[in-house]
Amino acid sequence: MSLSIGIVMDPIESITPYKDTTLAMMLAASARGWTINYMQQTDLYLDKGRAFATQRKVSVFDNNDHWYELDEAIDKPLASNDIILMRKDPPFDMDYIYTTHILERAESEGAYVGNKPSSLRDVNEKLYTAWFNEFCPTTIVTTQEERLKAFVQEHGDVIIKPLDGMGGAGIFKLNPNDPNLNIILEQSTEESTRQIMAQKFVPEISEGDKRVLVVNGQAMPFALARIPAQGETRGNLAAGGRGVAVPVTDKERRIVDAIAPRLLEKGLLFVGMDVIGSFLTEINVTSPTCVRELDAHAHSLPDAPSPDASGYRRGISDIYLDALVQQIT
C-alpha cells in the first residue's frame, strides 16, 4: 500500500539523526515506498476554514552526515496526506495549541492525525498521571511556595519540575536543609503564580528513569533505562543520562495494562511512559523518543529471540506504522 504521510516536526536540519525518533519513523515510511511530506509548525495555516500547509516532499537517508533532501515547497491541503504525524517537540505553548486546532481541521477533512490533536491538548504529560495516582509517587501540584515547603519538610528529598518542560529542564532535587530552597521555589513558581509539580524522590533513579514505549496499547518488550550521570539526579539523555535497554518488568506491564485502554480511547497510539522504580512519573504523548536506541538493541538480539521479542525485531517504527494503517483501512 502506497500512502502519503505528512510529518510536522522541528527543523529537520537541526535534529541529531542517529538518535532521532521522528527520522526513524520517516525511514520506515520510506522503506515502504510512502511519500513523505515535511512541514514545520509555521507552515500550517487555515484558508476559508480549510487546513493547508506549505509542504516539501522529503527523501531521507540513514546517514549521520546526509540524512535528508527536500523538494520544492508546495502549498496544498493538509488532508492531501493519508496520515499526519504531529512530532513537534515541546515547549507546549499557545502556538502548539493553535497547531492542534489546525490539525483537527485536517482530521475533519479526512486525514488521520497521530497522536490525536484534541488529546494532545487534553493530556498534559505531567498532570495526566493524576488519573492514575495509585501508580505514582506522592505528588502535589500547586503554585504556593508555602505549600511546597511543607511538602518538602514532610517528605525530605523531593523533586520539583515545571508542567511544560522536557529534557530535564527546570528539574531540581530539594530537601529541607537546602540553602537555596526558598529561591528555587520562588523562581520555579514565579512567586506563587505558576503551577509546578513536586514528587517524593524515588531513590531507584540510580537504576534508571525507564522510558516504556506503548504502541497501539501494547508495551514494547524492552524499555530504555536512562541512568543519571555521576552527581546527577536526572536521567534524561539531554541532561547527560546514559541509555541502556532493559526488559520491561511485570510491574511496568501492570501499569501499562491499566492505562492503555484510556490511551486508545483518546487516540494516543504512540506514548512513552516514564517509570522510576515501581512508580509512574510521566505520560509522554507529544513526541516520545528512544526508538533509535531500542531499535539498535533489537538488531543486536540473537537470531532466535524469545516469542515476546519476535515482533519487536522488526523495529518500533514499523509497529507504529502498522497501527496507523489499521486506523485508515
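Here, the structure is the one placed above.
First, a word on what this report is: a plain description of the structure on this page. These numbers come from a predicted model, not from an experiment.

Rules of the game
Residues numbered from 1 in each chain as written. Predicted model: local features only at pLDDT ≥ 70, side-chain atom pairs only at ≥ 80, totals over all residues. Heavy atoms only, no water. Pairing = 2+ DSSP bridges. Helix = DSSP H or I, 4+ residues; strand = E, 2+ residues; numbered from the N terminus. Axes fitted to C-alpha atoms, helices over the stretch in contact; angles between N-to-C directions. Contact = heavy atoms within 4.5 Å. Expected span 1.5 Å × (residues − 1). Buried < 20%, exposed > 50% of the residue type's maximum accessible area, 1.4 Å probe, protein only. Salt bridge = Lys/Arg side-chain N within 4 Å of Asp/Glu carboxyl O.

1. Overview of the sheet that holds strand 9 (residues 158–162)
Here comes step 1: The antiparallel open sheet is built from four strands, whose spatial order is 8-11-9-10. Bordering the open sheet on either side are strand 8 (139–142) and strand 10 (172–174), each of which pairs with just one other strand. Looking at each pair of strands side by side, their axes are set apart by 25° on average, direction ignored.
Here comes step 2: Sheet analysis places strand 9 next to strand 10, joined by three bridges and oriented antiparallel. Pairing of I159 across the sheet is with K173, part of strand 10.
Here comes step 3: Sheet contacts for helix 5 (residues 181–188): strand 9, strand 10 and strand 11 (196–200); angle to strand 10, the most-contacted strand, approximately 140°.

2. Let's talk about helix 9 (residues 316–328)
Here comes step 1: With 13 residues, helix 9 extends 19 Å from end C-alpha to end C-alpha; this agrees with the ideal 18 Å at 1.5 Å per step.
Here comes step 2: Those residues of helix 9 not exposed but buried are I316, S317, I319, Y320, L321, A323, L324 and V325.

3. A word on the pairing of strand 12 (residues 209–215)
Here comes step 1: Counting buried positions along strand 12 gives seven out of seven residues, so the element sits mostly inside the fold.
Here comes step 2: Of the two faces of strand 12, the one lined by D209, R211, L213 and V215 and the one lined by K210, V212 and V214 are each fully buried.
Here comes step 3: Across three bridges, strand 12 lies against strand 14 (residues 222–227) in antiparallel orientation. Note that in strand 14 the partner of R211 across the bridge is L224.
Here comes step 4: Between strand 12 and strand 13 (residues 218–219), which pair antiparallel in sequence order, lie two residues; one of them, N216, sits at a positive phi of approximately 55°.

4. A look at unusual backbone geometry
Here comes step 1: Here the bond from P90 into P91 is cis, since omega is 25°, no more than 30 degrees from zero.
Here comes step 2: In this structure, P91 sits in the loop between strand 6 (83–86) and helix 2 (94–108).
Here comes step 3: For the peptide bond that leads from G114 to N115, omega is -15°, which places it in the cis range.
Here comes step 4: Its place among the elements puts N115 in the loop between strand 7 (112–114) and helix 3 (117–122).
Here comes step 5: In this structure, K48 takes a positive phi of about 55° despite not being glycine.
Here comes step 6: Along the chain, the position of K48 falls in the loop between strand 3 (44–47) and strand 4 (50–60).

5. Digging into the pattern of salt bridges
Here comes step 1: Taken as a whole and assessed by the stated rule, the structure comprises 19 salt bridges.
Here comes step 2: E107 is the partner of K116 in a salt bridge, and the nearest nitrogen-oxygen pair spans 3.2 Å.
Here comes step 3: Linked by salt bridges that have partners in common, D209, R211, R226 and D274 make up one network.

6. Quick word on the pairing of strand 16 (residues 270–276)
Sheet faces and side chains relate simply in a regular strand, where the side chains alternate between the two faces.
Here comes step 1: Across the seven residues of strand 16, seven count as buried, placing the element largely inside the fold.
Here comes step 2: Taking every second residue as pointing to the same face, both faces of strand 16 are buried, with F270, G272, D274 and I276 on one and V271, M273 and V275 on the other.
Here comes step 3: Across seven bridges, strand 12 lies against strand 16 in antiparallel orientation. Within the sheet, the bridge partner assigned to L213 lies in strand 16 and is G272.
Here comes step 4: Taken together, the five bridges between strand 16 and strand 17 (residues 279–284) define a ladder with antiparallel strand orientation. Paired with G272 across the bridge in strand 17 is N284.
Here comes step 5: Between the end of strand 16 and the start of strand 17, which pair antiparallel, lie two residues, with G277 showing a positive phi angle near 60°.

7. Examining the environment of M26
Here comes step 1: Note that M26 resides in helix 1 (residues 21–31).
Here comes step 2: Classification of M26 as buried rests on a relative accessible area of 1%.
Here comes step 3: For the pair M26 and Q144, spaced 118 residues apart in sequence, the C-alpha to C-alpha distance is 44 Å.

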